[in-house]
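Tertiary structure, described
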Amino acid sequence: MSGRAYHKLPAEMLRLAALAPARPVEAYDRAAGYLDLLSETVRRPPAPYGTVGLDEVIPELASTSSDSGNVADVSRILGETALAETERRTRELLGGISKQDPFEARWTADVVFARCCYLLCRLVRPERVVETGVAHGVSSAFLLAALRENGGGDLHSVDLPPLRREAGRFWGIAAGCNGSTGDTDGWHLHRGASRRVLPGLLRELGSVGLFVHDSLHTRRNMAYELDLAWKYLRPGGAILADDPERNAAFGGLSERRPALMRVIREIEDTPLTGEAAKTTFGLAIKALTAP
């Protein structure tokens, strides 16, 4: 947690106290998350990952994916009209709401990560996708676009919306949900902390083809989500984890002997919001057969 985040804690605590009478379980989960962040700020473990550029991963990704055979397939997907249109609409939307938006720009998925969500979803062709962390619903929009191109599939998103005034108006807005907890064209939005929602959801789904982590980036939470998701990940399925450099949790997947595991670093060429920034995310693909 940055120094800036520390200054915001009193306001967050006041919002939490106001939430407690109406949603006591949610208030408890949020408080636990704040404590987790504070604990890791005091004692943050190193994350000594070697990183590679996306261009270096593409040949490996093409050969590892069960549904694509060469680099040309990956390049074709990255040039699809559906991807370009999703990016265009997202930029237009975020620009249009910027003056009323109560969310912080850093909560928005960066464009490189969003494109990779689309790419992995098209390559893996999952019937079921699960993601944690929603905010504006940017990654959700890209995943849903990929599922439509695949010809179908369901996205289950797990998130606790920010405690900000009118947050409901903007929660999931890029994916067309506008804070509704109902189902929208294959999108199922689950309100709650991942520790509370994921176990039952994954049991119900049975297996998933793609899991995307972009929620609370503490080692405790990331390790919990990634370990649980791996158990339900089908052979050939993939995990994407945003901001793995914050701790060593992503590295724990190496013990599962994935078919491909990389930490990718890029600089946004045309960010969706704000200035161009460095971005890092982890990618792991489960082997088709057990080692």
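Rules behind the numbers
Residues numbered from 1 in each chain as written. Predicted model: local features only at pLDDT ≥ 70, side-chain atom pairs only at ≥ 80, totals over all residues. Heavy atoms only, no water. pLDDT = per-residue confidence, 0-100. Contact = heavy atoms within 4.5 Å. Phe/Tyr/Trp six-rings, centres within 6.5 Å; stacked < 30°, edge-to-face > 60°. Helix = DSSP H or I, 4+ residues; strand = E, 2+ residues; numbered from the N terminus. Buried < 20%, exposed > 50% of the residue type's maximum accessible area, 1.4 Å probe, protein only. Lys NZ or Arg CZ within 6 Å of the ring centre and 35° of its normal. Polar contact = N/O pair within 3.5 Å; in protein donor to acceptor, adjacent residues only side chain to side chain. Axes fitted to C-alpha atoms, helices over the stretch in contact; angles between N-to-C directions. Parallel < 35°, antiparallel > 145°, perpendicular 65-115°, else oblique. Left-handed = near helix turned anticlockwise from the far one by under 90°. Nonpolar A, V, L, I, M, F, W, Y, C, P; charged D, E, K, R; others polar. Salt bridge = Lys/Arg side-chain N within 4 Å of Asp/Glu carboxyl O.

Moving on to the confidence of the model for the protein chain. This prediction gives the protein chain a mean pLDDT of 85; 85% of its residues lie at or above 70. Confidence drops under a pLDDT of 50 for residues 1–7, and excluding neighbours within four residues, the segment shows ten contacts in the predicted structure.

Scanning the model with the defined rule gives two aromatic pairs in all. The interplanar angle of 75° and the centroid separation of 6.3 Å between the aromatic rings of Tyr49 and Phe250 together place this pair among those described as edge-to-face. Separated by 201 residues along the polypeptide, Tyr49 in the loop between α2 (24–42) and β1 (51–52) and Phe250 in the loop between β7 (233–242) and β8 (260–267) bring together distant segments of the chain. The class for Tyr49 is partly exposed, based on a relative accessible area of 22%. Plain terms: the ring middles of Phe113 and Phe281 are 5.6 Å apart, the flat faces sit at 70° to each other, and that makes the pair edge-to-face. One end of the pair, Phe113, is in helix α6 (residues 111–124); the other, Phe281, is in strand β9 (residues 278–285), with 168 residues separating them in the sequence. Its relative accessible area of 0% is what places Phe281 among the buried residues. Just above the ring of Tyr224 sits the side chain of Arg195; from NZ or CZ to the centre is 4.3 Å.

Let's shift gears to the side chain of Asn150. Locating Asn150 in the fold gives a position in helix α7 (residues 138–150). A polar contact is formed between the side chain of Asn150 and the backbone oxygen of Cys121, at a distance of 3.0 Å. Contact partners of Asn150, with chain neighbours within four places excluded, come to Cys121, Arg122, Arg125 and Pro126.

Looking now at the environment of Arg15. Within the secondary structure layout, Arg15 lies in helix α1 (residues 3–19). On the basis of relative accessibility, which here comes to 31%, the residue Arg15 falls in the partly exposed class. Considering only alpha carbons, one finds Arg15 and Arg165, 150 residues apart in sequence, at a separation of 9.7 Å. Not counting the four nearest positions on each side in its chain, Arg15 is found in contact with Leu163 and Arg164.

Glancing now at helix α9 (residues 194–205). Within α9 the residues assigned to the buried category are Ser194, Val197, Leu198, Pro199, Leu201, Leu202 and Leu205. Packing partners of the buried residues in α9 comprise β2 (128–132), β3 (154–159), β5 (187–191), β6 (208–213) and α10 (219–232). Following α9 by one or two positions, Gly206 adopts a phi angle in the positive range, close to 85°.

Two elements in contact, helix α4 (residues 71–78) and α6, have axes separated by 10 Å at closest approach and are oriented at 130°. With respect to α6, the element α4 is oriented oblique. Judged by the sense of rotation from one axis to the other, the crossing of α4 with α6 is right-handed. Two secondary-structure elements touch here, α4 through Val74, Arg76, Ile77 and Leu78 and α6 through Tyr118, Leu119, Arg122 and Leu123. Partitioning the contact of α4 with α6 into residue classes produces six nonpolar, no polar and two charged.

For the rest of this paragraph, the subject is the pattern of salt bridges. A full pass over the atoms with the stated rule returns 17 salt bridges. Among the charged side chains, a network of salt bridges with common partners joins Asp73, Arg76, Glu80 and Arg122.

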